Amino acid sequence: MQFMANFKCNHTAHSVQEYFTTLGALGFSQEFLRENELVFFPQALSLQASKDFAPFGEIGVQNAYPAYSGAFTGEIGVQALESMGVRTILIGHSERRVLLNESQEFIAEKFAFFARLGFFIVYCVGEPLSVRKQGEKAVQEYLQAQFAGIDVESTRVSVAYEPIWAIGTGRSASVQEIAQTHAFLRTLVQNPLLYGGSVNASNAKEILSIPNVNGVLVGSASLDAKSFYAITQSVLA
Ligand code: PGA
């Protein structure tokens, strides 16, 4: 299973040290680490501290600009990521699609750029509530459009299904909704499929047991080390 934590705009360079120290002390067995994968997406200003304090996991960037370096004020280029050994990136998160107005064209350009460099890409898709209310067929069409220009075979890619209405709401999609939608995504791609949207220590075990769910992408419930640890251990219970 892949267990991924998206800290979003939370934590600091200082607090991630405490976070990873706590998580490390809780302890991941060799067997767990052999069979599962841990990926953390701290905010950019905490990337280095995270690299230093999380030897048990992969550290990825939540966003970056498709350029090595240059005149892109406020953006993060590959040069800076390379200097820290960061080779994993989250692309297509709904908060960037909706709040930052990232178009499918720009997302596809970014995806192709980082794929060419061999980054591990965690690619997010997910529908708004208005589309979910129209039924599974509408959801499938919406999700299919989010693969426009995306070659999931061009590098190592995991696909995260994150219905927008389930993100940060405390209301995860139902087992049936996840099962149906992941079965559909499986017809499109063979990559690992993650579910994200209000995953927590209470529902993780059930979600991880759904067919075609190969892991979880966790926001709110990943911010506390003990809570995220409990999610990872639910696979063993
Ligand atoms: P959530 O966020 O767990 O707080 O719902 C998930 C995500 O946006 O990746």
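This text follows the structure it describes.
Before going into details, it helps to say that this report is about the structure given with it. (Residues numbered from 1 in each chain as written. Predicted model: local features only at pLDDT ≥ 70, side-chain atom pairs only at ≥ 80, totals over all residues. Heavy atoms only, no water.)

1. A closer look at the site of the ligand
- Taken together, 13 residues lie near the ligand, and K8, H93, E162, G168 and S220 sit nearest.
- In this structure, an oxygen atom belonging to the ligand sits 2.6 Å away from a main-chain N or O atom of G168.
- S220 has a polar side-chain atom sitting 2.4 Å from an oxygen atom of the ligand.
- Expressed as a share of its isolated accessible area of 280 Å², the protein-covered part of the ligand is 99%. (Near = heavy atom within 4 Å. Polar contact = N/O pair within 3.5 Å; in protein donor to acceptor, adjacent residues only side chain to side chain. Areas by Shrake-Rupley, 256 points an atom, 1.4 Å probe, with all protein chains shown as cover.)

2. Remarks on the sheet that holds strand 4 (residues 88-91)
- In spatial order, the strands read 3-2-1-8-7-6-5-4; together these eight strands make up an open sheet with parallel pairing. The open sheet has two edge strands with one neighbour each: strand 3 (58-59) and strand 4.
- Here strand 4 runs beside strand 5 (residues 120-125); their pairing, made up of four bridges, is parallel. Looking at strand 5, one finds that L90 is bridged to V122.
- Running over the sheet, helix 11 (residues 225-233) touches strand 1 (2-6), strand 2 (37-41) and strand 8 (215-218) and is turned about 160° from strand 1. (Pairing = 2+ DSSP bridges. Helix = DSSP H or I, 4+ residues; strand = E, 2+ residues; numbered from the N terminus. Contact = heavy atoms within 4.5 Å. Axes fitted to C-alpha atoms, helices over the stretch in contact; angles between N-to-C directions.)

3. Let's talk about the nonpolar core
- Counting 65 residues, the largest nonpolar core has F20, L23, F40, F114, I121, Y123 and F228 as its most contacted members.
- Here the element with the most residues in this core is helix 6 (residues 104-116); it accounts for six residues.
- Apart from the residues lying within four places of it in its own chain, the contact partners of L23 are F28, F40, F56, A225, F228 and Y229.
- Counting ten residues, the second-largest nonpolar core is a separate cluster that includes F41, L90, V122 and L217. (Core = buried A, V, L, I, M, F, W, Y, C linked by side-chain atoms within 4.5 Å. Buried < 20%, exposed > 50% of the residue type's maximum accessible area, 1.4 Å probe, protein only.)

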